[in-house]
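# Coordinates in review
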Amino acid sequence: MPSVTAGTPQLDHFFSSSAARLDRWRELNARAQTWAAQAKSGKPAGGRAAVEAALVELNALEDFFAYPGPRLMKALAERISSDDALGVGRMVRRISGALLSGSYRYDGGEWEMSDEAVDSPPERQSPTFSGGDSHRPYFETLFVTPAPAASRAKTAGELRRLRRTEDAMVYEPVLVGSVEDALLATILNGKIEAVVIFDGIPVPSQHDVPLLRDLLASRQQLDTTSLAPRDVGVTLARLIKRVRPELDLYLLTDRNVEKIAGDPAAAMFRRVFYEVEELMEVHLNILEGVADRFSTPFFDNLKKYAARPIATFHALPIARGKSIMKSNWIRDMGEFYGQNLFLAESSATTGGLDSMLEPTGNIKVAQEKFARAVGADHVFFVTNGTSTSNKMVYQAVTAPGDIVIADRNCHKSHHYGMVLSGAQPLYVEAFPMTEYSMYGAVPLRTIKQAMLNLKAEGRLDRLKMITLTNCTFDGHVYNTRRVMEECLAIKPDVIFLWDEAWFGFARFSPYLRPRTGLGAAAALEEWRDSPEALKAYEAQVAEIGEEFDPKDARLLKRHLIPDPRKIRIRVYETDSVHKSMSALRQGSIVAVRDEDYNHHASAFREAVFIHASTSPNQQIIASLDLARRQMELEGYELVMRAFEIAFGVRKAIAEHPLISKYFRVLGADAMVPAEYRASGFKDFLTPGTTWMTALKSVQEDEFFLDPTRMTLVCGTAGYDGTAFKGLLAAKYNIQMNKTSRNSVLLQSNINNTRSDVALLIKVLLEISQDIEAQLAEGGENGRAAFAAKVKSLMTDVPDLPNFSRFHDGYRDDPGSVTLEGNMRDAFFAAYEEDDCEYLPLMSPKIDERLKSGPQLVSANFVIPYPPGFPIMVPGQVIEADTIGFMRKLDVKEIHGYNNTRGLKLIKLSAIGKARAGAKARPAPSKRSKS
Ligand SMILES: Cc1ncc(COP(=O)(O)O)c(C=O)c1O
């Protein structure tokens with residue numbers, strides 16, 4: 001958090017430690033260079049004291065990292081105490097350079113501490129794609145040992161001696177002596193890939209870390225008073241897994257290993273060793289565990305395939321690239337993309353490749369590994385984006401007549417998914433953010449109300465699924481666990497589809513993981529198996545009964561507890577891997593954690609056959625495999641960096657005196673109404689905000705704001721979102737995400753660097769300076785015109801229309817309170833041009849019909865960009881607010897609106913026909929259990 005990083009440096013930099021650490025090395029380097037310069041000029045002037053002060057802060061952090069490690073840190077301290085200012089300057093420069101470039105991971109010279117080595121630093125190269133010197137992957141292994149600190153250097157030496165030339169990877173040990181220090185190392189050091197825990201370690205840290213203690217106490221994760229010594233290892237393993245579930249854990253004990261290994265509580269250990277056994281076994285296991293995450297079965301085989309001399313007699317002329325390399329006219333295609341792209345292309349599914357439609361080999365294994373990485377039971381690779389992933393889920397789990405509660409504002413693939421499957425949408429509305437012409441997320445109360453209405457009307461059995469977007473385009477993150485808990489209390493087998501197109505990366509942050517669909521499903525399962533679950537449910541029964549009355553007003557107010565004996569945890573999560581991880585465009589997954597998946601397994605296969613191309617792109621599949629590898633090995637660190645970048649942007653804009661005059665990034669207090677922020681959390685930048693405050697918000701609030709998504713208000717600078725996005729792209733080569741009337745969305749991801757932040761800030765400054773200059777030149781009139789423009793952008797904003805209703809002809813029971821409808825019938829009615837009519841948006845006829853009828857019924861989805869949600873769906877009765885909104889919209893791109901002919905409407909006379917068809921429709925699916 002910026003307000004934490006900005007203050008006195010301390011160890012409490014959870015989840016943003018890497019930038020904080022490097023900043024401190026930069027600071028130490030600056031001070032060391034100042035001291036060296038002072039020494040050269042013969043005027044030391046306090047340089048040494050400044051270096052010593054900076055070093056004190058670093059020392060505490062450095063205990064948790066292998067490089068520079070205790071030896072180099074000791075050597076540095078000795079140079080300082082011998083007043084060797086020049087030597088200190090050279091050494092600090094070298095270490096901070098090695099840390100910044102990462103060269104210590106492969107260049108043994110960086111670890112040398114002789115004067116000669118320190119004084120002639122190695123040449124460091126910037127990373128490129130060109131291959132060059134390949135080196136063994138490097139990682140760090142944490143050893144948590146009760147041995148005294150004095151013997152750690154000896155142990156580290158012994159561990160290094162286990163290395164063999166044939167090892168495919170190399171690791172450096174990091175040794176700590178307590179549970180708290182082990183947790184700190186896991187949190188702070190993203191290079192750690194494996195943890196070896198020796199039995200009998202003490203709990204308290206040697207460092208003073210109040211926030212860690214608060215954190216542990218607040219989650220009742222570590223009760224140090226009642227922890228029996230023999231449980232410490234298992235407890236530590238459990239806590240580490242909560243932070244980084246992907247790490248391999250090993251237990252070394254001198255107790256009964258066979259018994260421990262058979263204890264389900266020890267299941268999180270990859271291996272349990274008897275302490276006196278060969279350390280070499282531990283070493284080999286550590287390497288094997290990381291190699292397993294490193295291995296990318298599909299990509300590895302694709303590389304082998306590309307290297308083989310293969311003659312192809314199948315379609316796909318570009319395979320092997322001969323038609324390109326020999327061409328007179330398109331050789332530049334080959335030069336630009338490189339030969340491997342063509343060597344690795346094939347339409348074959350054999351010979352080292354696999355079939356994505358029916359995987360039995362390396363794609364199957366790659367999918368299983370992805371499932372492990374995201375905590376799912378199954379993962380399906382999809383090579384045409386989450387647009388297709390979503391449709392597959394609808395196709396597989398819903399049938400004609402089923403009801404789906406869906407955020408009306410959700411991505412169009414959901415609406416189309418329902419058209420395809422024949423499920424009836426029961427739209428629920430997100431809270432509006434009219435000021436910024438965007439929607440937030442759907443309040444839980446609204447969802448519960450929709451369910452209770454269905455229950456009251458006897459149609460809850462038809463509710464099959466609840467679909468929500470997590471996080472929304474603008475960064476609203478649901479309290480996924482609470483939503484599922486309360487909805488399951490009303491219908492214990494309802495399915496959840498969490499559209500996490502934007503949020504796949506969240507799995508790799510301990511901070512966001514609990515708010516993902518899959519993270520919450522895991523937590524819910526754990527809760528269900530605990531004795532507290534039944535107790536809580538029984539307490540609720542005592543108060544409101546078992547079969548509650550859906551009209552009981554208390555149900556909306558209270559936190560409903562489901563019956564742990566009845567609930568089925570049925571979660572589908574779709575992720576655009578390409579949006580937040582290193583997959584090629586369109587790489588997406590469907591992740592399944594559904595206890596009743598067997599009901600849908602064959603339907604799911606059908607859904608894959610219906611939607612997947614029979615020519616999936618090999619490179620997209622390989623990139624999904626690789627994206628998984630990357631996230632399992634460095635996702636934690638990369639996501640942490642994406643947070644740091646986001647905080648950097650927020651802070652730089654807020655603190656700059658000129659930029660902040662015209663621009664601001666909205667905090668949670670502007671993006672989430674106070675009623676949904678019970679914790680009182682306001683913004684990451686609010687003075688006094690600590691990680692504890694933010695964590696409280698993550699744990700408790702109905703909606704939390706994803707820190708990596710930043711709504712930058714540009715209306716206050718006189719720009720509408722579209723114009724501002726255009727300006728940045730055309731003039732400054734900066735690309736942004738979506739826009740609203742008066743804002744643009746900035747997004748940081750695992751690809752961003754601090755240089756990107758610097759560029760953005762420089763550009764915002766330049767634009768702010770231009771505005772100032774124009775205002776100065778334009779005189780009174782210019783200033784008035786600017787103020788009027790800002791006012792129009794910021795206050796003259798159209799009201800956001802809610803979903804009205806489906807025409808009665810598209811409703812099974814027009815009298816019902818709930819508004820689900822047969823959208824599919826309306827969709828297909830529009831295929832009959834004779835049954836449709838067109839009216840231009842500005843035509844007075846529209847106003848007449850709104851006033852006196854006949855009703856206007858939309859034939860199409862009408863989706864303006866921005867905001868990007870359907871303001872009309874097929875069969876919807878169009879009302880005055882929707883027309884008013886559309887008329888005010890000043891956007892060029894409106895899908896589903898015919899610019900020359902106008903709005904496409906279904907003639908009312910045609911709706912009777914649909915109704916007749918509807919009567920012949922088969923009864924709704926009865927596959928639901930309740
Ligand atoms: C919430 C949501 N879901 C699904 C999609 C579709 O994803 P894809 O672009 O991978 O097809 C998008 C695209 O922007 C989206 O915003």
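Residues numbered from 1 in each chain as written. Predicted model: local features only at pLDDT ≥ 70, side-chain atom pairs only at ≥ 80, totals over all residues. Heavy atoms only, no water.

Turning our attention to the packing of aromatic side chains. A complete count under the given rule lists 38 aromatic pairs for this structure. Both rings, one in Phe431 and one in Tyr676, keep their centres 5.3 Å apart while their planes meet at 25°; by these two values the pair is stacked. Note that Phe431 is positioned in the loop between strand E8 (424–428) and strand E9 (432–433) and Tyr676 in the loop between helix H29 (668–671) and helix H30 (691–700), a separation of 245 residues in sequence. By the burial criterion, Phe431 is buried, and Tyr676 matches it. Plain terms: the ring middles of Phe431 and Phe703 are 5.6 Å apart, the flat faces sit at 50° to each other, and that makes the pair tilted. With Phe431 in the loop between E8 and E9 and Phe703 in strand E17 (residues 703–705), the pair connects residues that are 272 residues apart, well separated along the chain. Judged by its relative accessible area of 1%, Phe703 falls in the buried class. An aromatic cluster of at least three residues, connected via ring pairs, comprises Phe431, Tyr478, Phe496, Trp498, Tyr676 and Phe703. (Phe/Tyr/Trp six-rings, centres within 6.5 Å; stacked < 30°, edge-to-face > 60°. Helix = DSSP H or I, 4+ residues; strand = E, 2+ residues; numbered from the N terminus. Buried < 20%, exposed > 50% of the residue type's maximum accessible area, 1.4 Å probe, protein only.)

Lining the immediate surroundings of the ligand are Gly385, Thr386, Ser387, Asn390, His411, Thr469, Asp499, Ala501, Trp502, Ser576, His578 and Lys579. Here Asp499 contributes a side-chain N or O atom positioned 2.6 Å from a nitrogen atom of the ligand. Trp502 places a polar side-chain atom, nitrogen or oxygen, 2.8 Å from an oxygen atom of the ligand. Burial of the ligand by the protein chains amounts to 85% of its free accessible area of 390 Å². Of all the secondary-structure elements, those providing two or more residues to the shell around the ligand are helix H18 (385–397) and helix H25 (577–580). (Near = heavy atom within 4 Å. Polar contact = N/O pair within 3.5 Å; in protein donor to acceptor, adjacent residues only side chain to side chain. Areas by Shrake-Rupley, 256 points an atom, 1.4 Å probe, with all protein chains shown as cover.)

Moving on, we get to the sheet that holds strand E13 (residues 495–499). Strand order in the open sheet made by the seven strands is E6-E15-E14-E13-E11-E7-E8, with mixed pairing throughout. Of all strands in the sheet, those bounded by a partner on one side alone are strand E6 (378–382) and E8. Neighbour-to-neighbour, the strand axes of this sheet turn through a mean angle of 20°, independent of strand direction. In the sheet, strand E7 (residues 403–407) pairs with strand E11 (residues 463–469) via four bridges, with the strands oriented parallel. In the strand pairing of E11, Val404 is matched with Met465. (Pairing = 2+ DSSP bridges. Axes fitted to C-alpha atoms, helices over the stretch in contact; angles between N-to-C directions.)

Moving on to the pattern of salt bridges. Scanning the model with the defined rule gives 54 salt bridges in all. Asp596 is paired through a salt bridge with Arg570; the nearest N and O atoms lie 3.9 Å apart. Of this pair, Asp596 sits in the loop between strand E15 (588–594) and helix H26 (597–611) while Arg570 sits in strand E14 (residues 570–575), and the two are 26 residues apart along the sequence. Among the residues examined, Arg570 registers a relative accessible area of 5% and is labelled buried. Its salt-bridge partner being Lys888, residue Asp796 comes within 3.6 Å of it at the nearest N-O pair. Of this pair, Asp796 sits in the loop between helix H32 (754–795) and helix H33 (823–829) while Lys888 sits in helix H35 (residues 880–888), and the two are 92 residues apart along the sequence. Exposure remark for Asp796: the relative accessible area of 41% places this residue in the partly exposed category. Look at Lys888 and you get partly exposed, because its relative accessible area is 45%. One network of salt bridges, with partners in common, ties together Asp292, Lys369, Arg372, Asp625, Arg628 and Glu632. (Salt bridge = Lys/Arg side-chain N within 4 Å of Asp/Glu carboxyl O.)

The next subject is helix H13 (residues 297–307). Among the residues making up H13, those that are buried are Pro297, Phe298, Leu302, Tyr305 and Ala306. The arc that holds the buried residues of H13, viewed along the axis, is 160°, so those residues lie on one side. In this structure, H13 carries Lys304 and Ala307 as exposed residues pointing more than 90 degrees from its buried face. Contacts from the buried residues of H13 go to helix H16 (339–343), helix H17 (362–374) and helix H27 (618–655). (Arc of directions from axis to C-beta. Contact = heavy atoms within 4.5 Å.)

Right, let's get into the pairing of E13. The element E13 is largely enclosed, with a buried count of five among its five residues. Neither face of E13 is open: one carries Ile495, Leu497 and Asp499, the other Phe496 and Trp498, and all of them are buried. As defined by bridge partners, E11 adjoins E13 across five bridges and the pair is classed as parallel. By the bridge assignment, Thr467 is partnered in E13 with Leu497.

This paragraph deals with a nonpolar patch on the surface. A contiguous nonpolar patch, built from Trp329, Ile330, Met333, Phe336 and Tyr337 and spanning about 640 Å² of accessible area, is present on the exposed surface. With respect to the helices and strands, the residue Tyr337 is situated in helix H15 (residues 331–337). (Patch = residues over 30% accessible without salt bridge, like charges linked within 9 Å, V, L, I, M, F, W, Y side chains within 5 Å.)

Spatially, the five strands line up as an open sheet ordered E2-E1-E3-E4-E5, and their pairing is parallel. The sheet terminates laterally at strand E2 (170–176) and strand E5 (271–274), the two strands that pair on one side only. The sheet shows a mean angle of 20° between the axes of neighbouring strands, taken without regard to direction. For strand E1 (residues 138–144) and strand E3 (residues 192–198), the ladder comprises five bridges, and the chain directions are parallel. If you follow Phe143 over to E3, its bridge partner there is Val196. Where helix H10 (residues 232–243) meets the sheet, it contacts E1, E3 and strand E4 (248–253), and its direction lies at approximately 165° from that of E3. Across the sheet, helix H12 (residues 279–294) lies against E1, E2, E3, E4 and E5, angled at about 165° from E4, the strand it touches most.

When you line up the elements, Phe505 lands in the loop between E13 and helix H22 (517–528). A relative accessible area of 7% places Phe505 in the buried class. In this structure, Phe505 is in contact with Leu512, Ser580, Met581, Met631, Val639, Asp706 and Thr708, ignoring residues within four places of it in sequence.

This part covers the environment of Pro359. Its location among the elements puts Pro359 in the loop between H16 and H17. For the pair Pro359 and Phe380, spaced 21 residues apart in sequence, the C-alpha to C-alpha distance is 9.9 Å. Beyond its immediate sequence surroundings of up to four residues, Pro359 is in contact with Asp354, Lys364 and Gln367.

Let us look at the pairing of strand E18 (residues 709–713). Regular strands place side chains that alternate from one sheet face to the opposite one. The buried fraction of E18 is high, at five of five residues. Covered by surrounding structure in E18 are Arg709, Thr711 and Val713 together with Met710 and Leu712, the residues of both alternating faces. By the bridge criterion, two bridges tie strand E16 (residues 664–665) to E18 in an arrangement that is antiparallel. Among the inter-strand pairings, Arg664 is bridged to a residue of E18, identified as Val713.

Between its first and last C-alpha atoms helix H5 (residues 85–101) spans 24 Å; for 17 residues at 1.5 Å apiece the expected length is 24 Å, and the two agree. Judged by how many residues are buried, H5 sits mostly within the fold: 12 of 17 residues are covered. Residues Ala85, Gly87, Val88, Gly89, Met91, Val92, Arg94, Ile95, Ser96, Gly97, Ala98 and Leu99 constitute the buried set of H5. Downstream of H5 by a residue or two, Gly102 has a phi angle that is positive, lying close to 75°. (Expected span 1.5 Å × (residues − 1).)

A cis amide bond, omega 0°, links Tyr67 with the succeeding residue Pro68. By the secondary structure assignment, Pro68 is in the loop between helix H3 (47–62) and helix H4 (69–81). With an omega of -5°, the peptide bond running from Gly853 to Pro854 counts as cis. Among the structural elements, Pro854 can be located in the loop between helix H34 (844–852) and strand E21 (863–865). Look at Ser437: it is not a glycine, yet its phi comes out positive at around 50°. Relative to the helices and strands, Ser437 resides in the loop between E9 and strand E10 (438–439).

Turning next to the packing of H12 against H27. In the contact formed by H12 and H27, the axes pass within 8 Å of each other and the chain directions differ by 140°. Seen from H12, the contacting residues are Val290, Arg293 and Phe294; seen from H27, they are Arg628, Arg629, Glu632 and Leu633. Classifying every residue of the contact of H12 with H27 by side-chain character gives three nonpolar, no polar and four charged. (Nonpolar A, V, L, I, M, F, W, Y, C, P; charged D, E, K, R; others polar.)

Tracing the backbone through its elements, the reader meets Asn285 in helix H12. Among residues more than four places away in sequence, those in contact with Asn285 are Tyr250, Arg270, Arg271 and Phe273.

Mapped onto the elements, Gln540 comes out in helix H23 (residues 531–544). Filtering out sequence-adjacent residues up to four positions away, Gln540 remains in contact with Gly545, Arg558, His559, Leu560 and Ile561.

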